[in-house]
There are 4 protein chains.
Amino acid sequence: MQELKDTQNEPDDRNLPIDRVGVKALRFPVEIKDKANAVQGTVATVAMAVDLPHQYKGTHMSRFVEVLNAHGPQLGVRDMSAIPGELLERLDAEKAHIVIDFPFFLSKPAPETGERGLMDYQVRFEIDATREEIDFVVTVEVPVTTLCPCSKAISARGAHNQRGVVTFAVRFEKPIWIEDLVQLVESCASSELYSLLKRPDEKAVTERAYDNPVFVEDLVRDVAAKSDAQPDIRWYRVEAENFESIHNHNAYAMIEKKGGVC
Amino acid sequence: MQELKDTQNEPDDRNLPIDRVGVKALRFPVEIKDKANAVQGTVATVAMAVDLPHQYKGTHMSRFVEVLNAHGPQLGVRDMSAIPGELLERLDAEKAHIVIDFPFFLSKPAPETGERGLMDYQVRFEIDATREEIDFVVTVEVPVTTLCPCSKAISARGAHNQRGVVTFAVRFEKPIWIEDLVQLVESCASSELYSLLKRPDEKAVTERAYDNPVFVEDLVRDVAAKSDAQPDIRWYRVEAENFESIHNHNAYAMIEKKGGVC
Amino acid sequence: MQELKDTQNEPDDRNLPIDRVGVKALRFPVEIKDKANAVQGTVATVAMAVDLPHQYKGTHMSRFVEVLNAHGPQLGVRDMSAIPGELLERLDAEKAHIVIDFPFFLSKPAPETGERGLMDYQVRFEIDATREEIDFVVTVEVPVTTLCPCSKAISARGAHNQRGVVTFAVRFEKPIWIEDLVQLVESCASSELYSLLKRPDEKAVTERAYDNPVFVEDLVRDVAAKSDAQPDIRWYRVEAENFESIHNHNAYAMIEKKGGVC
Amino acid sequence: MQELKDTQNEPDDRNLPIDRVGVKALRFPVEIKDKANAVQGTVATVAMAVDLPHQYKGTHMSRFVEVLNAHGPQLGVRDMSAIPGELLERLDAEKAHIVIDFPFFLSKPAPETGERGLMDYQVRFEIDATREEIDFVVTVEVPVTTLCPCSKAISARGAHNQRGVVTFAVRFEKPIWIEDLVQLVESCASSELYSLLKRPDEKAVTERAYDNPVFVEDLVRDVAAKSDAQPDIRWYRVEAENFESIHNHNAYAMIEKKGGVC
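Residues numbered from 1 in each chain as written. Chains lettered and ligands numbered in written order. Predicted model: local features only at pLDDT ≥ 70, side-chain atom pairs only at ≥ 80, totals over all residues. Heavy atoms only, no water.

1. A short note on the overall build of chain A
Link 1 in the chain: The helix and strand tally for chain A stands at 6 helices and 9 strands.
Link 2 in the chain: Seen through its C-alpha atoms, chain A measures out along the principal axes to roughly 80 × 35 × 35 Å.
Link 3 in the chain: Looking at chain A as a whole, 62% of its 262 residues qualify as buried.
Link 4 in the chain: A fraction of 64% describes how many contacts in chain A between residues 6 or more apart in sequence connect residues 24 or more apart.
Link 5 in the chain: Of the roughly 9,900 Å² that chain A leaves accessible, carbon and sulfur atoms contribute 48%.
Link 6 in the chain: Of the side-chain charges in chain A, 31 are positive and 43 negative, and the distance between the mean point of each set is 3 Å. (Helix = DSSP H or I, 4+ residues; strand = E, 2+ residues; numbered from the N terminus. Buried < 20%, exposed > 50% of the residue type's maximum accessible area, 1.4 Å probe, protein only. Contact = heavy atoms within 4.5 Å. Areas by Shrake-Rupley, 256 points an atom, 1.4 Å probe, with all protein chains shown as cover. Lys, Arg positive; Asp, Glu negative; His and termini not counted. Charge placed at Lys NZ, Arg CZ, Asp CG, Glu CD.)

Structure, rendered in structure tokens:
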């Protein structure tokens, strides 16, 4: 192998350090332990990058994949936490950046009949690490029902409602369950969603939504207020996007907590 | 140029004719004349293919792009109709297949205030041609409001509703305006969508939707019934998909007219 | 529950049977047993539909989800095969249509160093069933390297190459491993892909691709020829799409075997 | 109209100002004047938002669309620049945020035959404005050919290459043509892309790419170096992503200029 030239290792004289270099769009099986203590198998899309000092021509892309593979055929959450340190070591870097996206499933009972069904939520772990510090952001995308307060107030009957999605990113003091982030968001919507609803359940969620109208503005404020009241959440950014049932465009709102980043 | 080997033109002995070969995902500006006689500039994604007899190794991909370019910097609907014949000629083929997708805009007045706004609809032209015959399918994707009849019937107040999309493909006896296909679909929904609604308009569409509940099943049946009653429409396939506001999955229905293809 | 009106069950007088009605875009965890006899957990996107006779107003959407859920928290391949029959029964239908899409992982050794890495392939099971017959189509999407024969023939050095994807759908006489379909396609490309390649491996795949140039036309013909020679494959449709490195559009070819459908 | 309650205008006591509230995913026809002084019609996707003080319950979503519509059926670049100020005025806000994405077309002659074809580039205008200041970021996505220096160095023949995309965002001292940003990026790639290449052209781009191998690291460094040398560019972020022809994942690099933001 020594006869093969190592182009990446050659010196570079452009005097330009690179902020991030690595791999993207790599799919990998992962295992997540949920609050019910069960392990669920799911599939992640992974991006990994490090910085590159100005004096090197290139990074060694295969080492990123080796670091990932070293944890066996399925990546656990503990493995994910170890990867930044391993990348810094293996690639002799100062900064590592990892993004892991995956669908997460929760079994939920329907509100009246109690029939259970699986709901899926997209989750993102984003990790920035140096040898001294690690910054961890967890993001959950929670689909919800939103019913328009204005439409309800001005209409003789009915009110437009729709599916919306809340994108809730947090930094925390101590680890937080994905389930708890989902639950915090769902408690602020006109109604949460279910995969399985029988007629008594459909009646219940319809009436619950009608009784709890929220604008995207209300939704992000309520998530923000509940986050402010939760001492474990140090920072958050909450976005709500409604796939309006009366328009072909979306309504959007966002609040980001000032401070709390480091 | 003669010294450059023409690999595509070499004989092939695998004895396997190719059904379709060509280019895909090419973006190109187009001009569509609308019913109001105005010309709107929009952007298409184009796919073009021909058959290849068993004795040739390859087609000449650049000729597809030349045929497209020959019509100048913007493609009109008349140009689109000419392309299949030009491909057959230029590529010495028996069959040509062209798909052109583009967003189309309609200015609509809001139902009460009359304020105008632009709605966008995705349109597809799909053309299959031989030297003797041409088959033309026009498809419009029409976003609509659907309000659930079951939810309305069983709930003490409100009813879940959502954005849905109707995909309506037709073959016709004589050319049909995109506007008329859109209007046919919109007349079957709980409500049509608008880009601009003031409060009196929002009240009107909310109440209209509540007064006209439709399942996806009703929607495809009503579009089918109106199409059956329209002598210019020879064939249709109508699909409805609801982005359910109470689920994280979609409801779907489809009717395809038997016969009428040739 | 009896007091809640069953709107779906009401008679319908439009005299229009519905070809397909059901749910779409439902995500669900699945378990696939692979050829190495290991079970891999992955995540599927599921669509399920049945026909609806003209005399009924609507189907019962929650029953589709109940049929899915009845198989427990993770769906196996045997469960998938049972679903069509269960839908026919539970929804009192004549025809069922199920589509299940999921990523599938294969561990592959690099060609020279033998270092192993996981490759992902998108797989689709599509099942059409009546009470008498079942039609099963398996589709694999195999990403490959393609190197252009024309570019190689006319250029003094190098040849343009790129990632392409082969979409290979089959009907079979007896069950076929996904691994074997993948391997059949990969053997026809300029080179197969790997997630992990060290320098000696990169040299090997670069030279292998340069030594095996293929047009999209060659690729679909070679997959077709190998399928014709495989008695277990009764029908196939093979499509190749190259994300051309010299264009911003794609090259495309398709062969579909005539006959063999029933 | 006065009898309809203005829910949005009600007081809010949660004491939480909202960073951004508005509309997203609105499609609208736009007209861009290009360097050749021709006007091209294309289609944009628009997002518009403002801040909302803590004391108001909601914004008035329809006003965003009215501001957009006020410029007539097609939006020009001059109109785009006016929108932030109009939003601040109309919505009585302190901060406005607008994002406009559209495909932009350039006619390019093939390198040897001079045959012309249209290349498409995705462009984004992102504007942040207060009553005192305006911040304008232009981003172009430029698809390119990249040929791997390592693969070339270690292989006896050939070298893997692929389509990549460079995402180049800039802040500038004085307005810059989209064409010049595209050209700056294309001059750093192994080869630029074309929609139309005849055989002599294909030979030329194949050999040019082979003679100019670049890693993603080289590509972002060369774009950074050229930007540093261009006094009109005050800030930039350049990202390169290769759709590797030998992997099913992508290679990625990014450099962001420190400072220059305000």
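2. Quick notes on the interface of chain D and chain A
Link 1 in the chain: Between chain D and chain A, the contact holds 51 residues from the first and 51 residues from the second.
Link 2 in the chain: Where chain D abuts chain A, roughly 4,100 Å² becomes buried across the two surfaces, and 57% of that area is made up of carbon and sulfur atoms.
Link 3 in the chain: Looking at the side of chain D facing chain A, the largest losses of area belong to Lys-24, Arg-221 and Tyr-252 of chain D, adding up to 18% of the total buried there.
Link 4 in the chain: For the salt bridge of Asp-12 of chain A with Arg-221 of chain D, the shortest nitrogen-to-oxygen distance reads 3.4 Å.
Link 5 in the chain: Along the contact surface separating chain D from chain A lie 32 residue pairs in polar contact (both at pLDDT 80 or more).
Link 6 in the chain: Secondary structure elements with two or more residues in the side of chain D that touches chain A: strand S1 (18-33), helix H1 (61-69), helix H3 (149-154), helix H6 (216-228) and strand S9 (250-256) of chain D.
Link 7 in the chain: Its residues placed into classes, the side of chain D that touches chain A shows 27 nonpolar, 9 polar and 15 charged.
Link 8 in the chain: Here strand S1 (residues 18-33) of chain A pairs with S9 of chain D via 5 bridges, running antiparallel. (Buried area = accessible area lost by both parts, 1.4 Å probe. Salt bridge = Lys/Arg side-chain N within 4 Å of Asp/Glu carboxyl O. Polar contact = N/O pair within 3.5 Å; in protein donor to acceptor, adjacent residues only side chain to side chain. Nonpolar A, V, L, I, M, F, W, Y, C, P; charged D, E, K, R; others polar. Pairing = 2+ DSSP bridges.)

3. Describing the pairing of strand S2 (residues 39-52) of chain A
All names here are of chain A.
Link 1 in the chain: Of all the 14 residues making up S2, 12 are buried; the element is thus mostly covered by neighbouring parts of the structure.
Link 2 in the chain: When S1 meets S2, the two strands line up antiparallel, connected through 12 bridges. Its bridge partner lying in S2, Val-30 is registered against Thr-42.
Link 3 in the chain: Here S1 folds back onto S2 in antiparallel fashion, the turn holding 5 residues, of which Asn-37 has a positive phi close to 75°.
Link 4 in the chain: Inspection of the sheet shows S2 paired to strand S3 (residues 96-109) by 6 bridges, in the antiparallel sense. Pairing of Ala-49 across the sheet is with His-97, part of S3.

4. Looking at the domain arrangement of chain A
Residues and elements named next belong to chain A.
Link 1 in the chain: For chain A, the assigned domains are domain 1 (7-100) and domain 2 (110-262).
Link 2 in the chain: Distance between the C-alpha centres of domain 1 and domain 2: 30 Å.
Link 3 in the chain: Listed as interface residues are 19 residues of domain 1 and, on the opposing side, 14 residues of domain 2.
Link 4 in the chain: When the two sides are added together, the surface that domain 1 and domain 2 hide from each other amounts to roughly 1,400 Å², 54% of it contributed by carbon and sulfur. (Domains from an automatic or database assignment.)

5. Considering unusual backbone geometry
Link 1 in the chain: Phi is positive for Ala-25 of chain C, which is not a glycine, with a value near 60°.
Link 2 in the chain: Assignment of secondary structure puts Ala-25 of chain C in strand S1 (residues 18-33).
Link 3 in the chain: Positive phi values are uncommon outside glycine, yet Asp-92 of chain D reaches one of about 50°.
Link 4 in the chain: With respect to the element layout, Asp-92 of chain D can be found in the loop between helix H2 (77-90) and strand S3 (96-109).
Link 5 in the chain: The exposure class assigned to Asp-92 of chain D is exposed, which follows from its relative accessible area of 57%.

6. Some words on the interface of chain C and chain D
Link 1 in the chain: Facing the 38 residues of chain C at the interface are 38 residues of chain D.
Link 2 in the chain: Taking both partners together, chain C and chain D bury about 3,200 Å²; carbon and sulfur atoms supply 50% of that area.
Link 3 in the chain: Its largest share of buried area at the contact with chain D, chain C owes to Arg-157, Arg-163 and Asn-248 of chain C, together 22% of the area lost on that side.
Link 4 in the chain: The tally of links between chain C and chain D comes to 2 salt bridges.
Link 5 in the chain: A salt bridge links Arg-157 of chain C to Asp-211 of chain D, with the nearest nitrogen and oxygen atoms 2.5 Å apart.
Link 6 in the chain: On the surface where chain C and chain D come into contact, there are 31 residue pairs in polar contact (both at pLDDT 80 or more).

7. Quick look at the nonpolar core
Link 1 in the chain: Membership of the largest hydrophobic core comes to 135 residues, with the highest contact counts inside it found for Leu-87, Phe-102 and Phe-168 of chain B together with Leu-87, Phe-102 and Phe-168 of chain C.
Link 2 in the chain: In contact with Leu-87 of chain B, not counting residues within four places along its chain, are Met-48, Val-50, Phe-64, Val-67, Asp-92, Ala-96 and Ile-98 of chain B. (Core = buried A, V, L, I, M, F, W, Y, C linked by side-chain atoms within 4.5 Å.)

8. Side note on the relation of the copies chain D and chain A
Link 1 in the chain: When chain D is fitted to chain A, the best match, at an RMSD of 0.0 Å, comes from turning it 180° and sliding it 0.0 Å along the axis. Here the two chains are linked by the operation of a two-fold rotation axis.
Link 2 in the chain: Take the interface residues of chain D: 100% of them recur as interface residues in chain A, which is what a same-surface contact looks like. (Least-squares fit on C-alpha atoms with pLDDT ≥ 70 in both.)

9. Some thoughts on the environment of Thr-42 of chain C
Link 1 in the chain: Residue position: Thr-42 of chain C is located in strand S2 (residues 39-52).
Link 2 in the chain: If we skip the residues at most four places from it in the chain, Thr-42 of chain C touches Val-43 of chain A together with Phe-28, Pro-29, Val-30, Ile-32, Phe-102 and Pro-103 of chain C.
Link 3 in the chain: Reaching out from Thr-42 of chain C, the side chain makes a polar contact with the backbone oxygen of Pro-103 of chain C at a distance of 2.7 Å.

10. Focus on helix H4 (residues 178-186) of chain D
Link 1 in the chain: Most of H4 of chain D sits out of view: 7 of its 9 residues are buried.
Link 2 in the chain: Here H4 of chain D has its buried residues at Ile-178, Glu-179, Leu-181, Val-182, Leu-184, Val-185 and Glu-186 of chain D.

11. Examining the packing of helix H1 (residues 61-69) of chain B against helix H2 (residues 77-90) of chain B
Residues and elements named next belong to chain B.
Link 1 in the chain: With their axes 10 Å apart at the nearest point, H1 and H2 run at an angle of 140° to one another. Here H2 runs oblique to H1, going by the angle between their axes. Seen along the crossing, H1 lies across H2 with a hand that is right-handed. On H2, the residues touching Arg-63, Phe-64, Glu-66, Val-67 and Leu-68 of H1 are Ile-83, Glu-86, Leu-87 and Arg-90.
Link 2 in the chain: Its residues assigned to classes, the contact of H1 with H2 comprises 5 nonpolar, no polar and 4 charged. (Axes fitted to C-alpha atoms, helices over the stretch in contact; angles between N-to-C directions. Parallel < 35°, antiparallel > 145°, perpendicular 65-115°, else oblique. Left-handed = near helix turned anticlockwise from the far one by under 90°.)

12. Section: the environment of Val-165 of chain D
Link 1 in the chain: Position of Val-165 of chain D relative to the elements: it lies in strand S6 (residues 161-172).
Link 2 in the chain: When the C-alpha atoms of Val-165 of chain D and Gly-114 of chain D are compared, they prove to be 24 Å apart, with 51 residues separating the residues in sequence.

13. Concerning the pattern of salt bridges
Link 1 in the chain: Applying the stated rule across the entire model yields 91 salt bridges over all chains.
Link 2 in the chain: Residue Lys-203 of chain A pairs with Glu-207 of chain A through a salt bridge whose shortest N-O separation is 2.8 Å. Here Glu-207 of chain A and Lys-203 of chain A lie together in helix H5 (residues 199-211), a separation of 4 residues that amounts to about one turn.
Link 3 in the chain: Overall, the relative accessible area of 11% leaves Glu-207 of chain A in the buried class.
Link 4 in the chain: Between Lys-108 of chain C and Glu-186 of chain C there is a salt bridge; the shortest N-O distance is 3.1 Å. Residue Lys-108 of chain C is located in strand S3 (residues 96-109), and its partner Glu-186 of chain C is located in helix H4 (residues 178-186); the two are separated by 78 residues in the primary sequence.

14. Quick word on the side chain of His-71 of chain B
All names here are of chain B.
Link 1 in the chain: Following the sequence through the fold, His-71 ends up in the loop between H1 and strand S3 (75-76).
Link 2 in the chain: Assessed through its relative accessible area of 19%, His-71 is described here as buried.
Link 3 in the chain: There is a polar contact of 3.2 Å between the side chain of His-71 and the side chain of Asp-79.
Link 4 in the chain: Beyond its immediate sequence surroundings of up to four residues, His-71 is in contact with Asp-79, Ala-82, Ile-83 and Glu-86.

15. Digging into the confidence of the model for chain A
Link 1 in the chain: When pLDDT is averaged along chain A, the result is 95; 99% of the residues meet or exceed 70.
Link 2 in the chain: Reported for the predicted complex are a pTM of 0.97 and an ipTM of 0.95. (pLDDT = per-residue confidence, 0-100.)

16. Regarding the packing of aromatic side chains
Link 1 in the chain: A complete count under the given rule lists 12 aromatic pairs over all chains for this structure.
Link 2 in the chain: A centroid spacing of 5.5 Å and a plane angle of 55° characterise the contact between Phe-125 of chain B and Phe-136 of chain B, whose relative ring orientation is tilted. In this pair, Phe-125 of chain B is assigned in strand S5 (residues 116-129) and Phe-136 of chain B in strand S6 (residues 134-147), connecting sequence segments 11 residues apart.
Link 3 in the chain: In this structure Phe-125 of chain B comes out as buried when scored by relative accessible area, which is 6%.
Link 4 in the chain: In this structure an aromatic cluster arises from ring pairing among Phe-102, Phe-125, Phe-136 and Phe-172 of chain A.
Link 5 in the chain: The ring of Trp-235 of chain A is capped by Arg-171 of chain A, whose NZ or CZ atom sits 4.5 Å from the centre of that ring.
Link 6 in the chain: The ring of Tyr-194 of chain C is capped by Lys-108 of chain C, whose NZ or CZ atom sits 4.7 Å from the centre of that ring. (Phe/Tyr/Trp six-rings, centres within 6.5 Å; stacked < 30°, edge-to-face > 60°. Lys NZ or Arg CZ within 6 Å of the ring centre and 35° of its normal.)

17. Looking at a negative patch on the surface
Link 1 in the chain: A contiguous patch of negative charge, built from Glu-89, Asp-92, Glu-94, Glu-132 and Glu-133 of chain B, is present on the exposed surface.
Link 2 in the chain: In this fold, Glu-132 of chain B is placed in the loop between S5 and S6. (Patch = residues over 30% accessible without salt bridge, like charges linked within 9 Å, V, L, I, M, F, W, Y side chains within 5 Å.)

18. Focus: H2 of chain D
Residues and elements named next belong to chain D.
Link 1 in the chain: Across its 14 residues, H2 extends 20 Å between first and last C-alpha, which sits within 8% of the 20 Å expected from 1.5 Å per residue.
Link 2 in the chain: Ile-83 marks where H2 bends most, by close to 35°; the proline Pro-84 follows one to four residues later.
Link 3 in the chain: Among the residues of H2, Met-80, Ile-83, Pro-84, Leu-87 and Leu-88 are the ones counted as buried.
Link 4 in the chain: For H2, the secondary structure elements touched by its buried residues are S1, strand S2 (39-52), H1, S3, strand S4 (116-129) and strand S5 (134-147).
Link 5 in the chain: Asp-92 sits one or two positions beyond H2 and adopts a positive phi of about 50°. (Expected span 1.5 Å × (residues − 1). Bend = angle between axes of the 7 residues up to and from the residue.)

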